[in-house]
Amino acid sequence: MLSPPSPGSPGPPRRVFIESFGCQMNDYDVARMREVLRRSGYEDTQEPEEADLIIINTCSIREKAEHKAISAAGRFKALKERRPELLLAVGGCVAQQEGEALLRRIPFVDLVFGPDQIARLPQHVGLLSGQRQVPARLRLRVARTEVIDVEDYEFLDADPRPGDVRVTALVTIQKGCDNECAYCIVPTTRGREVSRPPEQVLAEVERFVAAGAREVTLIGQNVNAYHGIGTPDGDDFAELLRRVDAVPGLLRLRFTTSHPQFFTRKVAAAFAELPRLCPWLHLPVQSGSSRVLQRMRRNYTREQYLEQIAWVRQACPDISLSTDIIVGYPGETERDFQDTLSLLSEIRYDFIYSFAYSPRPGTPAQHLPDDVPPAEKSRRLQAVQALQKEITSERLGRMVGRTEPVLIEGMARMGNGQLCGRTGGNHMVNIDPAGHTDPRALIGQLVPVTITAARTHTLAGTLS
Ligand code: 5AD
Ligand code: SF4
């Protein structure tokens, strides 16, 4: 017969289910949440029904993203009614922005916590899970959105474990953003910029590599403004790239997101100089009109941006470029919009992310009249996407027939025995293993793949 658990024994592990929305920073934060919770006795589950704790990690970059995240909470309402001991938490940027108000807006949520509170998540959850015996209506509900001062901010070190780590890893190099792009909520939700010390960045890259990662993407809201080193020429980001590029065992290095205002010639030159730095640059332009860029407070003109693209193409002529575009910004005229289309035609990005302007609370642009009607925003968005579709098709088409080094990330989602991976230019490739007896053994390897076809957003290839 099994003996009953002794008093004070930890009992069976509790389970956490996490659903996340938004950017890579949110993906990174979720990975840290899993780690801090694992250390306090939680296991991950993919099944909300069997969870003791459900976390929704939200994004507030556009109104649509915010709605998506809030309605995700609604999907767990019935579950929460059935199992009142289940804890429901909302984290991320909507949580940070709304705080207590979110507890009122979603009455069945137990905990609201901002991105700076991840390290303290076990304490917050511990406090709330101690009230299992308390009737639901009397239970404490908590909103924790304190922002840690820049001087006191400590980055949470990732704790990658062999067998648990993907081929590609995200490593944060900064948090927050000191820019004031007029449309953007990030400075409000993520606070002032803090650069992570380079020793921490390098140690984390080394830990990921030791645990099996082969590619690292350095992430931050404005990586070019990184200033954690204090180099004499002030170009700390170029120096950080150089140091990370030299980490033994690392096969590939990427970074995102860049801001043109801080993008330097030295970083452009790194594409020619650093052997592991992939030929891909995501450089959000937002608009092709200097007038709109000024109204967005982006601090560069169309001409300056084009010059930076020229530096990059000089260093790496076949580089794959991507960008973010906002259409329908307050005051954007048809002429401004045509400038965006002409910029796309001129630069010929491999891919773009395009959005209709969405006014965000507390941003400088919120006070500008949102004067491009929704139907016109949609028309402009469709026009941008139609033009880009042609350009992407031409850009992907140029790859057909080439043999490219591809880092194999795993089995393709379609489940037809194909592998998937990425080119240096960040194009996803589905790969026919061409009779290879053990395709799985190739995961994590950089292998030559002959590109056989270009699809809408991806490539097809075969092992060479
Ligand atoms: N409306 C529309 N798009 C936005 N973005 C940021 N804020 C807004 C907004 N208020 C877009 C920008 C940014 C990307 C991450 O999201 O293009 O680069
Ligand atoms: Fe969304 Fe920006 Fe927050 Fe990322 S930082 S989750 S993009 S609002």
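Before reading on, note that the structure itself is shown above.
Note on numbering: residues in each chain are counted from 1, in written sequence order. Chains carry letters from A onward and ligands carry numbers from 1 onward, assigned in written order. In keeping with the predicted nature of the model, local features appear solely for residues at pLDDT of at least 70, side-chain atom pairs appear and are counted solely at 80 or more, and the whole-chain, interface and lining totals rest on all residues. The basis for every side-chain value is the complete set of heavy atoms in the structure, and neither hydrogens nor water enter the calculation.

**Q** Account for the packing of helix H8 (residues 198-210) against helix H9 (residues 236-245), naming residues and giving values.
**A** Every axis corresponds to a line fitted to the C-alpha atoms, with the helix fit spanning only the stretch in contact, and the corresponding angles, defined between N-to-C directions, vary from 0 to 180 degrees. By definition, any uninterrupted DSSP run of H or I lasting at least four residues is a helix, any uninterrupted run of E lasting at least two residues is a strand, and each is numbered from the N terminus. The N-to-C vectors of H8 and H9 enclose an angle of 30 degrees; their axes lie 10 Å apart at closest approach. One element, H8, and the other, H9, form an angle in the roughly parallel class. Helix-helix and strand crossings are classified by hand; for H8 and H9 the assignment is right-handed. On H9, the residues touching Pro 198, Val 201, Leu 202 and Val 205 of H8 are Leu 240, Arg 243 and Val 244. Classifying every residue of the contact of H8 with H9 by side-chain character gives six nonpolar, no polar and one charged. What sets the label is the angle itself: under 35 degrees gives roughly parallel, over 145 gives roughly antiparallel, 65 to 115 gives roughly perpendicular, and the rest give oblique. Left-handed describes a crossing whose near helix is turned anticlockwise from the far helix by less than a right angle; the clockwise case is right-handed. The contact rule is simple, with two residues in contact once any of their heavy atoms fall within 4.5 Å. Side-chain classes are defined by residue name, with Ala, Val, Leu, Ile, Met, Phe, Trp, Tyr, Cys and Pro counting as nonpolar, Asp, Glu, Lys and Arg as charged, and the others, Gly among them, as polar.

**Q** I'd like to hear about the site of ligand 1, residue by residue, with values.
**A** Every residue close to ligand 1 is listed here: Ile 61, Arg 62, Tyr 183, Gln 286, Asp 324, Ile 326, Phe 355, Ala 356, Tyr 357, Ser 358 and Arg 360. Any pair of nitrogen or oxygen atoms within 3.5 Å is treated as a polar contact; in protein, a donor-acceptor pairing is required on top of that, and neighbouring residues in sequence qualify only through side-chain atoms on both sides. Residue Tyr 183 places a main-chain N or O atom 3.1 Å away from a nitrogen atom belonging to ligand 1. At a separation of 2.6 Å, an oxygen atom of ligand 1 approaches a polar side-chain atom of Asp 324. In these tables, accessible area is a Shrake-Rupley quantity obtained with a 1.4 Å probe, and a residue counts as shielded only by the protein chains included in the view. For ligand 1, whose free accessible area comes to 400 Å², the fraction covered by protein is 87%. Those elements that place two or more of their residues in the shell around ligand 1 are strand S13 (320-327) and strand S14 (351-356). For the shell around ligand 1, the per-class residue count stands at six nonpolar, two polar and three charged. If a single non-hydrogen atom of a residue is within 4 Å of a molecule or strand, that residue counts as near it.

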